[in-house]
Amino acid sequence: TRSIDLAVIAGDGIGTEVVEQGLLVLEAALAGSDVTVATRDFDLGARRWQATGETLTDADLQAIRGHDAILLGAIGDPQVPSGVLERGLLLKLRFTLDHYVNLRPSRLYPGVTGPLADPGEVDFVVVREGTEGPYVGNGGALRVGTPQEIANEVSVNTAFGVERVVRDAFARAAARPRRKLTLVHKHNVLVHAGHLWRRTVEAVNADFPDVTVDYLHVDAATIFMVTNPSRFDVIVTDNLFGDILTDLAAAITGGIGLAASANINPDRDASGASVAPSMFEPVHGSAPDIAGQGKADPTATVLSVAMLLEHLGLPDQATRVEAAVAADLTERGGRVRSTAEVGKDLAARVAG
Ligand code: IPM
Ligand code: MN
C-alpha cells in the first residue's frame, strides 16, 4: 500500500467549502485501492494573518515541503490589504517550491453552455510560466504620492526559466493528438523578452520535430479565443499573459467555477524523487460575496484533484474523477445544487 501525504490549505471564503468536497471526491477515487491519503491542514490565509501578522513562515514552508502534494482552496479577504496574501502566501508558495509550470486546461464539456454561440470543440491547455515575469516583484516606486510618481514593475525573463517551461510545453504538446504549440507573447513591443521566448521556442522545437508551432500576439490571442477557440491545443506563455488568458479561457468554457489548475514542479532528484510538492488549486478566488452560503461550485476543485491524481501517477483514478465531472455536467441542466450536494453527487459517481 501507498500513502499520499497531502498538505491542505483550504484558505479563505469559499476555499474551505470547495476543498471539503474535493477531499470527499479524492477519498472516493482511492476507496478500494491500495492507496490511502493522509491530510494535514495548514491554517494559512486571512484568519491567520489577522491573528498573528504571519502569511507563511519558514516553519510552515518546511512542514509543507515534506508532503507529496498540496491542495489549495482559495486565499484572499476584503479585510486584508490587496497583495498581502497574494504575494506573502500564494506567490511565495509558487516561487519557493519552484512551481514553474502553471498548468491550466480548458475543455468545453458536452452539456455546458458557454457564452459563445458556436465554439466548436474546445480542448486546450495553457502552460503558464509560474515563477518569473512581472510577478517576481522586481520593481519599485519613486516619489510615491506626488504628481511625479514613478512606478516600475519589471518583467523578469531568464533563459533558464523560459527554456524549462517551453520544454515542458513541447513535451505536453508532443503527447497530445494534435501536437500543436502556440507561443503567446507580444514581441512587437516587448522585444527583449519576446525575442528570448521566440528564440527559445525555435531552438527547443528541434528536439520536438513532430510538434507544429505557431505564434500569436497576446491581443490577437484573445480574439481567437473567442472567435475560434478550437484552433488552440497547447499554449505556452509568460506568467502575466497566462493569468489573463486563462480567465478568458475559463469564461468561454463554462465559467470560473469549472476551471482547474496545477502548479507543478516537474524536477526530480538523482533518486527520482520529486524535489518539491506540486500544488493543485481552482483558478477562482475566495469569492467573499458568496462565502458561507454553501453555493460555490466545487467542480473546479474536483477537477484540480483529478490533476493531482494524474501528477501522482494515478491516471486511472484521475480519469474516473474527470469522467464523473463530465457526466455530472452533461446531466446537470439548469439544476441548482449546494456545494455539498455537488460534492456528494460527484463522489457517488466516482465510487460507481
Ligand atoms: C491566479 C490568481 C493569482 C495570480 C493571484 C491571486 C495572485 O489570479 O491564480 O490566477 O495572479 O496568479
Ligand atoms: Mn488569475
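Data block above holds the structure.
Thresholds applied
- Residues numbered from 1 in each chain as written.
- Chains lettered and ligands numbered in written order.
- Predicted model: local features only at pLDDT ≥ 70, side-chain atom pairs only at ≥ 80, totals over all residues.
- Helix = DSSP H or I, 4+ residues; strand = E, 2+ residues; numbered from the N terminus.
- Rg over C-alpha atoms; globule rule 2.2 N^0.38 Å.
- Buried ≥ 20, exposed ≤ 12 C-beta atoms within 10 Å, placed from the backbone.
- Contact = placed C-beta atoms within 7 Å.
- Near = placed C-beta within 6 Å.
- Nonpolar A, V, L, I, M, F, W, Y, C, P; charged D, E, K, R; others polar.
- Axes fitted to C-alpha atoms, helices over the stretch in contact; angles between N-to-C directions.
- Parallel < 35°, antiparallel > 145°, perpendicular 65-115°, else oblique.
- Left-handed = near helix turned anticlockwise from the far one by under 90°.

Chemist: When you look at the overall build of the protein in this model, what are you seeing that I'm missing?
Modeler: Broken down by element type, the protein carries 11 helices and 12 strands. Its C-alpha radius of gyration of 20 Å places the protein within 12% of the 20 Å reference for a compact globule of 352 residues. When the backbone C-alpha atoms are referred to their principal axes, the protein occupies close to 55 × 50 × 50 Å. Taking all 352 residues of the protein together, the buried fraction comes to 45%. Of the contacts formed within the protein by residues at least 6 apart in sequence, a portion of 78% connects residues at least 24 apart.

Chemist: Just checking my understanding: could you explain the site of ligand 1 for this structure?
Modeler: Around ligand 1, the structure places E86, L90, L91, D243 and V283. The element contributing the most residues to the shell around ligand 1 is helix α4 (residues 84–96), with 3 residues. When the residues that make up the shell around ligand 1 are grouped by side-chain class, the tally is 3 nonpolar, no polar and 2 charged.

Chemist: Sorry, what's going on with the packing of helix α9 (residues 299–311) against helix α10 (residues 315–332) here?
Modeler: How two helices pack is summed up by the angle between their axes together with the distance between the axes. In the contact formed by α9 and α10, the axes pass within 7 Å of each other and the chain directions differ by 160°. In terms of axis orientation, α9 runs roughly antiparallel to α10. As α9 packs across α10, the resulting crossing turns out to be left-handed. Here T299, V302, L303, V305, A306, L309 and E310 of α9 lie close against α10, whose contacting residues are P315, Q317, A318, V321, E322 and V325. Within the contact of α9 with α10, the residues separate by chemical class into 9 nonpolar, 2 polar and 2 charged.

Chemist: What is the right way to read unusual backbone geometry from this model?
Modeler: Both trends apply: most residues other than glycine have a negative phi, and most peptide bonds are in trans. Of note, the phi angle at D98 is positive, near 55°, even though the residue is not glycine. By the secondary structure assignment, D98 is in the loop between α4 and β4 (101–107). At A287, a position not held by glycine, the phi torsion is positive, near 45°. Here A287 shows up in the loop between β12 (278–282) and α9. Judged by C-beta crowding, with 20 C-beta atoms within 10 Å, A287 ranks as buried.

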